[in-house]
Amino acid sequence: MHAPVAAPADDGPGNPWFSWRYVQENADAIGSALSFHAGLTAQTILIALVVALPLAVAAYWIRPLTAPILALSGVLYTIPSLALLALLAPLVGTTNTSSVLIALVMYALLVLVRNALAGLTQVPAEVLEAATGMGYGRLGRLWRVELPLALPGILTGIRLATVSTVALVTVGSLIGQGGLGDLIMSGFRNNFYKAQIMTGAILCVGLALVLDLTLTGIGRLLTPWTRGRAA
């Protein structure tokens, strides 16, 4: 995924911060890095969501578990990314995407669990009482009432986790699995080739923006009642 372009050794006009020529000549490598970056981000959020939602529900249903679950996810989040990758890579594979994916999922858990739990706890008590009066059991109430009303909080967590994951994927460049981070790292190694570094950085920011706006739009479609409340 590295763009094999020889960069000038000096810092003069031959080494600009952006170059359309570089983009055109390395479109395949850039596209491959962008596709890998977006795909790894999507995998991370999907896997983290599958793990985070049951944890949030468990913390919501069994209050003594709330503190341990939040504490555990918080501890995982505080582990430095370089150290975590250094620990995982020898176990899973030093050039394996799985080591990066595991690390990213661990970092996404805290944001997703916290926001899902916040959404669930903010469901009005009178709504829960009405659902119980209508004959809903615990699972039925969760699926038909609590999770739909908690959706704004869950979607907020997904947005935050997605944006942070786009940035964290670049750390995978240490083992050649960093998507756009590979472009940036290669630019540093390639006589500080500015065009390569800037292209990777711009695309990374652009990807985060596009995904955030897309998720915002999806959230507005899935939660039309929040628009009415804001109006």
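Note that the coordinates shown come from a computational prediction; the quantities given were computed from them, not determined experimentally.

Engineer: Please provide a residue-by-residue account of helix 3 (residues 66-78), values included.
Structural biologist: Look at helix 3: 18 Å from first C-alpha to last across 13 residues, which is about the 18 Å you get at 1.5 Å a residue. Structurally, helix 3 contributes buried residues whose contacts are with helix 2 (27-61) and helix 5 (97-121).

Engineer: Provide a residue-level description of the pattern of salt bridges, including the pertinent values.
Structural biologist: Summed over all chains, the structure comprises three salt bridges. The partner of Arg21 in a salt bridge is Glu25, with the nearest N and O atoms 3.0 Å apart. Here Arg21 pairs with Glu25, and both are found in helix 1 (residues 20-25), just four residues apart, close to one helical turn. By the burial criterion, Arg21 is exposed, and Glu25 matches it. The partner of Asp212 in a salt bridge is Arg159, and the shortest N-O contact between them spans 2.9 Å. With Asp212 in helix 9 (residues 194-222) and Arg159 in helix 7 (residues 138-168), this pair connects stretches of sequence that are 53 residues apart. A relative accessible area of 30% places Arg159 in the partly exposed class.

Engineer: Help me get a handle on the layout of surface pockets, residues and values and all.
Structural biologist: Its boundaries defined by the atoms lining it, the largest pocket holds a volume of some 250 Å³. Ala42, Ile45, Ile158, Thr162 and Leu215 are the residues nearest the centre of the largest pocket, which is lined by 15 residues in total.

Engineer: Break down the nonpolar core for me, citing the residues and quoting the values.
Structural biologist: In this structure, Leu112 and Leu120 are the most contacted members of the largest nonpolar core, which totals 35 residues. The set of elements that each furnish at least two residues to this core consists of helix 2, helix 3, helix 5 and helix 7. Sorting elements by how many residues they give to this core places helix 5 first, with 12 residues. Not counting residues up to four positions away in its chain, the partners in contact with Leu120 are Ala56, Val57, Tyr60, Leu142, Glu146, Leu147 and Ala150. Among the nonpolar cores identified, the runner-up in size contains 12 residues, and Tyr22, Leu180, Cys204 and Ala208 belong to it.

Engineer: So what's going on with helix 9? Which residues, and what values?
Structural biologist: Here helix 9 is 29 residues long and its end C-alpha atoms lie 42 Å apart, about the 42 Å a rise of 1.5 Å per residue gives. Turning to helix 9, the residues buried within the fold contact helix 1, helix 2, helix 7 and helix 8 (180-189).

Engineer: Provide a residue-level description of the packing of helix 2 against helix 9, including the pertinent values.
Structural biologist: Following both chains from N to C, one finds helix 2 and helix 9 inclined at 40 degrees, their axes separated by 11 Å at the closest point. Overall, the two elements helix 2 and helix 9 adopt an arrangement that is oblique. Between helix 2 and helix 9 the crossing geometry is right-handed. Across the interface between the two elements, Ile30, Leu34, His37, Ala38 and Thr41 from helix 2 touch Thr199, Leu203, Cys204, Leu207 and Leu211 from helix 9.

Engineer: How would you explain the confidence of the model for the chain if you had to name every residue and give the values?
Structural biologist: The predicted model of the chain averages 86 in pLDDT, with 91% of residues at 70 or higher. Residue range residues 1-12 is modelled with pLDDT below 50. Its contacts to residues more than four positions away, or to other chains, number 33 contacts.

Engineer: Account for the packing of aromatic side chains, naming residues and giving values.
Structural biologist: Here the structure, examined in full by the defined rule, presents one aromatic pair. The interplanar angle of 85 degrees and the centroid separation of 6.1 Å between the aromatic rings of Tyr77 and Tyr107 together place this pair among those described as edge-to-face. Taken together, the positions of Tyr77 in helix 3 and Tyr107 in helix 5 put the pair 30 residues apart, joining distant regions of the chain. With a relative accessible area of 6%, Tyr107 lands in the buried category. Over the face of the ring belonging to Trp61 we find Arg138, whose NZ or CZ atom lies 4.6 Å from the ring centre.

Definitions and limits used
- Residues numbered from 1 in each chain as written.
- Predicted model: local features only at pLDDT ≥ 70, side-chain atom pairs only at ≥ 80, totals over all residues.
- Heavy atoms only, no water.
- Helix = DSSP H or I, 4+ residues; strand = E, 2+ residues; numbered from the N terminus.
- Expected span 1.5 Å × (residues − 1).
- Contact = heavy atoms within 4.5 Å.
- Salt bridge = Lys/Arg side-chain N within 4 Å of Asp/Glu carboxyl O.
- Buried < 20%, exposed > 50% of the residue type's maximum accessible area, 1.4 Å probe, protein only.
- 1 Å grid on protein atoms, 1.4 Å probe; cavity = no way out; pocket = protein on both sides within 12 Å on 5 of 7 lines; lining within 4 Å.
- Points joined across faces, edges and corners; volume = space filled by probe spheres on them.
- Core = buried A, V, L, I, M, F, W, Y, C linked by side-chain atoms within 4.5 Å.
- Axes fitted to C-alpha atoms, helices over the stretch in contact; angles between N-to-C directions.
- Parallel < 35°, antiparallel > 145°, perpendicular 65-115°, else oblique.
- Left-handed = near helix turned anticlockwise from the far one by under 90°.
- pLDDT = per-residue confidence, 0-100.
- Phe/Tyr/Trp six-rings, centres within 6.5 Å; stacked < 30°, edge-to-face > 60°.
- Lys NZ or Arg CZ within 6 Å of the ring centre and 35° of its normal.

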